[in-house]
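So you can see what is in the structure, the chains are spelled out below.
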Amino acid sequence: MSTNLASKLRTGLKPQQFIDGMEKNQEQFLAYYNGFEWESEDDKEYFDSLNNRDDLRCLIVAAEWCGDVVRNVPVVFKALENSGVPVEVLIIEQNYDVIDQFLTGGGRAIPIVVFVDTGGFVLGHWGPRPAKVQAVMNQFKKENPDREAADYNEKIQVARAEMGRQYGEGNGYHAVIVKELRDLIESF
């Protein structure tokens, strides 16, 4: 059976409400948001063309305290800004029932960007980070399954540093997210 999130539609925060309500990381979030630029005119035109589709809705499970939310959600907001696709943010602490349907490697990881149709049926999802960056965490978890191991915290810091390197300097990763979102949306 398909996952249905109809009960969550129109219950989340609009993007501007989420930004305005941020008590943590707002400055960094806005730096990524305001630093967004389309790498490809074709991608911009594609997302703008979504105005012709009234069957899509976007729910983003997020929290202001999460570094991946701060890096990645501004890109999602910008990509969908002129698309006509309604976007809502569901705060994770109030929506464990949603995030638990989209676990990453068995755990809760955000942001998760979920596209649904007008009836709330899930069409697809993206997140919590670009595939190349997520691959680092997947490898770490595979090699370090015991969270209680003496060297776990030390090793996860190394993995997080590598994830930072995979994101790279500046906003170059924005185009990667745009491509991954476009590929996803084109699949339904």
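Residues numbered from 1 in each chain as written. Predicted model: local features only at pLDDT ≥ 70, side-chain atom pairs only at ≥ 80, totals over all residues. Heavy atoms only, no water.

Per an unreviewed UniProt entry, the recorded name for the protein is Thioredoxin, and the organism is Paenibacillus marchantiophytorum.

Student: Got a minute to help me understand the side chain of Asn 72 in this structure?
Tutor: Its location among the elements puts Asn 72 in helix 4 (residues 67-80). For Asn 72, a relative accessible area of 0% gives the class buried. Only 3.1 Å separates the side chain of Asn 72 from the backbone oxygen of Pro 128, close enough to count as a polar contact. The residues touching Asn 72, leaving out its near neighbours within four places in the chain, are Pro 111, Trp 126, Pro 128, Arg 129, Pro 130, Tyr 167, Tyr 173 and Ile 177. (Helix = DSSP H or I, 4+ residues; strand = E, 2+ residues; numbered from the N terminus. Buried < 20%, exposed > 50% of the residue type's maximum accessible area, 1.4 Å probe, protein only. Polar contact = N/O pair within 3.5 Å; in protein donor to acceptor, adjacent residues only side chain to side chain. Contact = heavy atoms within 4.5 Å.)

Student: Would you take a moment to explain the pairing of strand 3 (residues 112-116) for this structure?
Tutor: Moving residue by residue along a regular strand, the side chains alternate between the two faces of the sheet. Where burial is concerned, most of strand 3 is hidden: 5 out of the 5 residues are buried. Along strand 3, one buried face is formed by Ile 112, Val 114 and Val 116 and the opposite face, lined by Val 113 and Phe 115, is buried too. One ladder, built from 5 bridges, connects strand 1 (residues 57-62) with strand 3; its direction is antiparallel. From the neighbouring strand, Val 61 faces strand 3, where its bridge partner is Ile 112. As judged from the 4 bridges shared by strand 3 and strand 4 (residues 122-126), these two strands associate in the antiparallel manner. (Pairing = 2+ DSSP bridges.)

Student: It is not clear to me how the side chain of Asn 144 should be interpreted in this structure. Could you clarify?
Tutor: Topologically, Asn 144 is positioned in the loop between helix 6 (131-143) and helix 7 (152-167). Once residues lying within four places of it in the same chain are set aside, the contact partners of Asn 144 are Tyr 152 and Lys 155.

Student: I would appreciate a short explanation of the sheet that holds strand 2 (residues 87-91) in the present structure.
Tutor: Sheet strands pair by backbone hydrogen bonding; their relative direction is either parallel or antiparallel. Read across the sheet, 4 strands follow the order 2-1-3-4 without closing on themselves; strand pairing throughout is mixed. Two strands lie at the open edges of the sheet, namely strand 2 and strand 4, each paired on one side alone. Taken pair by pair, the neighbouring strands of this sheet meet at an average axis angle of 25 degrees, ignoring direction. Across the sheet, helix 8 (residues 173-186) lies against strand 3 and strand 4, angled at about 165 degrees from strand 4, the strand it touches most. (Axes fitted to C-alpha atoms, helices over the stretch in contact; angles between N-to-C directions.)

Student: What exactly am I supposed to notice about the environment of Val 73 here?
Tutor: Within the element layout of this structure, Val 73 appears in helix 4. C-alpha of Val 73 to C-alpha of Asn 52: the two residues are 21 residues apart in sequence and 23 Å apart in space. In contact with Val 73, not counting residues within four places along its chain, are Phe 29, Ile 60, Asp 68 and Pro 111.

Student: How should the pairing of strand 2 be read in this particular structure?
Tutor: Among the 5 residues that make up strand 2, 5 are buried, leaving the element largely enclosed by the rest of the structure. Burial of the side chains of strand 2 extends over both faces: Val 87, Val 89 and Ile 91 are buried on one face and Glu 88 and Leu 90 on the other. Tracing the backbone out of strand 1, into helix 4 and back to the parallel element strand 2 gives a crossover that is right-handed. (Right-handed = clockwise from strand over helix to strand, strands pointing away.)

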